[in-house]
Amino acid sequence: MKILASFLLLLVFAYATQDAPPYDPSQFSNIGTINDLTVTDPSDIFSGGTITVDSIPMIIPKNSYVTLPSISVMWSELFIGGAPQLPQFGAPGVSWEATVYGNRIGSNYIVALVYITQSSVRIIQGFINAIDLGTGEFWVAGTSGSPGITIGRYGLEYFDHPLWTVDAESPSVTAATGFPLCIPRYANGTDDPLCPLKNRIINGGVPTFIQFKTAATRSTTDPDPNVMAPLMVGDYVTINGIEVGGGLLAVYSLVANLGIYTAPRETRESNLPSL
C-alpha cells in the first residue's frame with residue numbers, strides 16, 4: 001500500500017508540473033478575469049491583437065470577431081485610439097471577464113472564439129420603485145438617489161457606450177412572454193405612440209396579465225399589439241447590465257414578470273419601431 005501510494009503521488013506530481021501539452025497543436029479553453037487587451041493597428045478594422053486572461057497572454061488573429069452580451073463586433077471595434085472601451089476597466093470591485101477557446105501551438109495561445117462581459121454572474125432582481133421619464137432611467141429596490149438604469153433603444157436614446165447596451169434588433173427588454181417593453185418618451189406632455197400607456201393602464205388599473213384583442217375587434221382605445229408596452233412602477237424585473245460609472249447601469253437584458261399575450265392565431269411582422 002505504501003509503494004502504491006508513493007507511485008500515485010509521483011504520477012500526480014508529474015502531471016501537475018507538466019509544462020507542455022502531450023501533443024502540438026492542442027485545444028484549450030479558458031474562463032477568467034481579463035488583465036489586459038490590445039489591438040495591433042487601431043486604424044485597421046480587421047486588426048488583431050492580444051488578450052491576457054488570468055495572466056495568460058493570448059493572440060487574437062486578424063479578422064477576429066468578439067461576442068459581447070448583446071452584439072458581436074470586430075476586435076478592433078473594442079478600441080478607440082488603441083484604448084479598450086470597457087467601462088470601469090480596472091476600477092476597484094469591477095470585474096471584466098472572458099471566455100476563450102482556441103489552439104495552443106508551441107507556447108502560443110491562438111484565440112478562435114472569445115466572449116467578453118462584465119461581472120457575468122451579476123443579476124439584479126426587484127420591483128421598479130421609480131422612473132424618471134426625463135432621463136429614461138429607472139430604479140430597482142432603492143430610491144431616486146440610488147444608481148439609475150438605462151435601457152437604450154427601449155427608452156430615451158443612449159449614446160455613451162454603444163457596445164454595451166441592449167440588442168436593438170432582437171428584443172432583449174421583454175415581458176416573461178417575450179413581448180417587448182419600454183420606457184415612454186414623452187414630448188410636451190403627449191403620450192409616446194411607440195410606447196403608449198394604453199398598453200398597460202386598462203380600466204384605470206395596471207394589470208400584470210394582458211390579452212390583446214384581434215384586429216377585427218380592437219378599437220383605437222384598446223391596447224395595441226403592434227407597439228411596445230411600457231414598464232411601470234411596481235413591475236418585478238430581472239436585469240443584467242454593465243456598470244458604466246457615475247452609479248449608472250446600462251441594461252443589456254431585462255425580463256419583467258408580466259404576461260402579455262397577442263391574440264390567438266394573429267401574426268405580425270414586428271412591434272419594434274424602425275431605427
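Each remark here, short or long, concerns the structure printed above.
Please read these numbers as outputs of a predicted model, since none were measured by experiment.

The rules behind the values
- Residues numbered from 1 in each chain as written.
- Predicted model: local features only at pLDDT ≥ 70, side-chain atom pairs only at ≥ 80, totals over all residues.
- Heavy atoms only, no water.
- Helix = DSSP H or I, 4+ residues; strand = E, 2+ residues; numbered from the N terminus.
- Buried < 20%, exposed > 50% of the residue type's maximum accessible area, 1.4 Å probe, protein only.
- Contact = heavy atoms within 4.5 Å.
- Core = buried A, V, L, I, M, F, W, Y, C linked by side-chain atoms within 4.5 Å.

So what exactly am I meant to see when it comes to unusual backbone geometry here?
With the exception of glycine, most residues fall at negative phi, and the peptide bonds are largely trans. The backbone phi angle of Ser-55 is positive, close to 70 degrees, even though this residue is not glycine. Tracing the backbone shows Ser-55 in the loop between strand S2 (49–53) and strand S3 (56–60). The exposure class of Ser-55 is exposed, given its relative accessible area of 59%. Within the chain, Ser-119 stands out as a residue other than glycine whose phi angle is a positive 45 degrees. Here Ser-119 falls in the buried class, since its relative accessible area comes to 14%.

Mind showing me how you'd approach the environment of Met-74 here?
Relative to the helices and strands, Met-74 resides in strand S5 (residues 72–74). Assessed through its relative accessible area of 7%, Met-74 is described here as buried. Between the alpha carbons of Met-74 and Phe-46 there is a distance of 6.7 Å; along the sequence they are 28 residues apart. Ignoring anything within four residues of it in the chain, the contact list for Met-74 reads Ile-45, Phe-46, Asn-63, Ser-64, Tyr-65 and Val-66.

Would you mind going over the nonpolar core with me for this structure?
Grouped burial of nonpolar side chains is what soluble globular proteins tend to show. By size, the foremost hydrophobic cluster in this structure holds 32 residues, and its most contacted members are Leu-37, Ile-51, Trp-75, Leu-78, Val-114, Ile-116 and Trp-164. Membership of the second largest hydrophobic core comes to 25 residues, among which are Met-228, Leu-231, Val-237 and Ile-260.

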